[in-house]
Amino acid sequence: MTIITCIEDLRRLAQRRVPRMFYDYADSGSWTESTYRANASDFQTIKLRQRVAVNLENRSLASSMVGQPVAMPVALAPTGLTGMQHADGEILAARAAEKFGIPFTLSTMSICSIEDIAAHTTAPFWFQLYVMKDREFINRLIDRAKAARCGALVLTLDLQVLGQRHKDLRNGLSAPPRLTIPNLINMASKPRWCLGMLGTRRRGFGNIVGHASSVSDMSSLSAWTNQQFDLSLSWRDVEWIKQRWGGKLIIKGIMDAEDARLAVASGADALIVSNHGGRQLDGAQSSIGALPAIVDAVGTQIEVHMDGGIRSGQDVIKALALGAKGVYIGRPFLYGLGAMGEQGVSKCLDIIRNELDLTMAFCGLRDVADVDRKILLPGTY
């Protein structure tokens, strides 16, 4: 494929180049995957108003997210196992985001560590935190994020229990991965990926192995992980983490107006309307479907961001029109990464930017700050 025109082109290329177990890990949802599909499909029912004879010179997509200037109101979402889509994947994605001028968010469950990203970038990146039972480990993670000068802490609240993802079970995805004969045969058909993995030492969970007590290598990680997600997580823990962190705090996983109001009360700087990419509660509302009610519930008391289902710049502008201050893309940049490494992530961002810019112009606007519900056709959202 010599011409990449859209995110779907990157997805098809990534599917050819990334081993099945890791491609499916990124490109799947829980149970029937109805929420995973709705995240993207619900954007299609929202229609835009086309305007004409408007001055479209000097257009700008520049904005800010939690006070950080951004080239466009888009951030790279935290995604686990990113370094299994492409060798050193988190480093490559972080570099592409820095060059573009948008935030990169590193997952707790990343392959490359906090220190790896800090060593290969100069702009502050964001760090996503899961709350584990081992509070000393959480303390150390927060200290490591502070030492790396992370610009914001993204606290995920929707993973106290793990949604069942059928594809992961069928593929034998685990930590460490089960090298079954079908998986080995499939990996052997991806020579580019295999050569990349042979050329890097980063193949484990860099933020955990060697840092959490009793996790000295990958073989002990699975048992530790299964025991660590905290079923007793509460808003008191959010308050403790906010005080412990002391910097910008973003709450991820809000899908209900009541929880949004609790996020405001917690003192967080922003919340992310997100259903974990359709990977947790199947049958939940899509993120774009939940966004308007949450925006209406909290008003300007907290910055509202949105994550889930973004596949184009047109999706971005629809989310902004419905009140999001910024959006996150996960699968689109993973497709680019799996397809073409750092160049693919940059290509993904170029596609999103171009589509956002042109759509904004067709809607008669020159500045992304002016995007609101007036650009949407009444009755379609």
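The shown structure was predicted, so the numbers you read here are calculated from the model rather than taken from an experiment.

A. Structural view of the sheet that holds strand 5 (residues 126-130). On the basis of which strands lie adjacent, the open sheet formed by 8 strands has the order 3-10-9-8-7-6-5-4 and parallel pairing. Both outer strands of the open sheet, strand 3 (74-76) and strand 4 (105-106), are each paired with one neighbouring strand and no more. Across the face of the sheet, helix 15 (residues 331-362) comes into contact with strand 3 and strand 10 (326-329) while running at roughly 155° to strand 10.

B. Here's a closer look at the pattern of salt bridges. A full pass over the atoms with the stated rule returns 17 salt bridges. The closest approach of N and O atoms between Arg-12 and Asp-9, which form a salt bridge, is 2.6 Å. Placement of both Arg-12 and Asp-9 in helix 1 (residues 7-17) is noted, with a separation of 3 residues, approximately one turn of the helix. For Arg-12, a relative accessible area of 35% puts it in the partly exposed group. Asp-9 sits in the buried class, given a relative accessible area of 7%. Measuring nitrogen to oxygen at the nearest pair gives 2.7 Å for the salt bridge that ties Glu-342 to Lys-99.

C. Representation of the packing of aromatic side chains within the structure. Tallied over the full model, the rule gives 4 aromatic pairs. A centroid spacing of 5.7 Å and a plane angle of 25° characterise the contact between Phe-22 and Trp-193, whose relative ring orientation is stacked. Of the two residues, Phe-22 sits in helix 2 (residues 20-26) while Trp-193 sits in helix 9 (residues 191-198), which places them 171 residues apart along the sequence. Over the aromatic face of Tyr-25 sits the side chain of Arg-279, whose NZ or CZ is 4.6 Å from the ring centroid.

D. Fine view of the side chain of Glu-90. Structurally, the position occupied by Glu-90 is in helix 4 (residues 89-100). Apart from the residues within four sequence positions on either side, Glu-90 is in contact with Leu-81, Thr-82, Gly-83, Phe-104, Leu-106, Ser-110, Ile-111, Cys-112 and Ile-117.

E. Examining the pairing of strand 8 (residues 270-273) more closely. Side-chain alternation along strand 8 places Ala-270 and Ile-272 on one buried face and Leu-271 and Val-273 on a second face that is also buried. Note: strand 7 (residues 249-254) against strand 8, 4 bridges, orientation parallel. Pairing of Ile-254 across the sheet is with Val-273, part of strand 8. With helix 12 (residues 257-266) bridging strand 7 and the parallel strand 8, this β-α-β connection has right-handed handedness. Across 4 bridges, the pairing between strand 8 and strand 9 (residues 303-307) is parallel. When the bridges of strand 9 are listed, Val-273 appears paired with Met-306. In this fold, the crossover linking strand 8 to strand 9 by way of helix 13 (residues 287-298) has right-handed handedness.

F. Structural detail: the environment of Ala-321. Tracing the chain through its elements places Ala-321 in helix 14 (residues 313-321). Each C-alpha atom, one on Ala-321 and one on Ser-110, is 32 Å from the other, the two residues being 211 residues apart in sequence. Ala-321 has contacts with Val-371, Asp-372, Arg-373, Ile-375 and Leu-376, leaving out every residue within four places of it along the chain.

Procedures and definitions
Residues numbered from 1 in each chain as written. Predicted model: local features only at pLDDT ≥ 70, side-chain atom pairs only at ≥ 80, totals over all residues. Heavy atoms only, no water. Pairing = 2+ DSSP bridges. Helix = DSSP H or I, 4+ residues; strand = E, 2+ residues; numbered from the N terminus. Contact = heavy atoms within 4.5 Å. Axes fitted to C-alpha atoms, helices over the stretch in contact; angles between N-to-C directions. Salt bridge = Lys/Arg side-chain N within 4 Å of Asp/Glu carboxyl O. Buried < 20%, exposed > 50% of the residue type's maximum accessible area, 1.4 Å probe, protein only. Phe/Tyr/Trp six-rings, centres within 6.5 Å; stacked < 30°, edge-to-face > 60°. Lys NZ or Arg CZ within 6 Å of the ring centre and 35° of its normal. Right-handed = clockwise from strand over helix to strand, strands pointing away.

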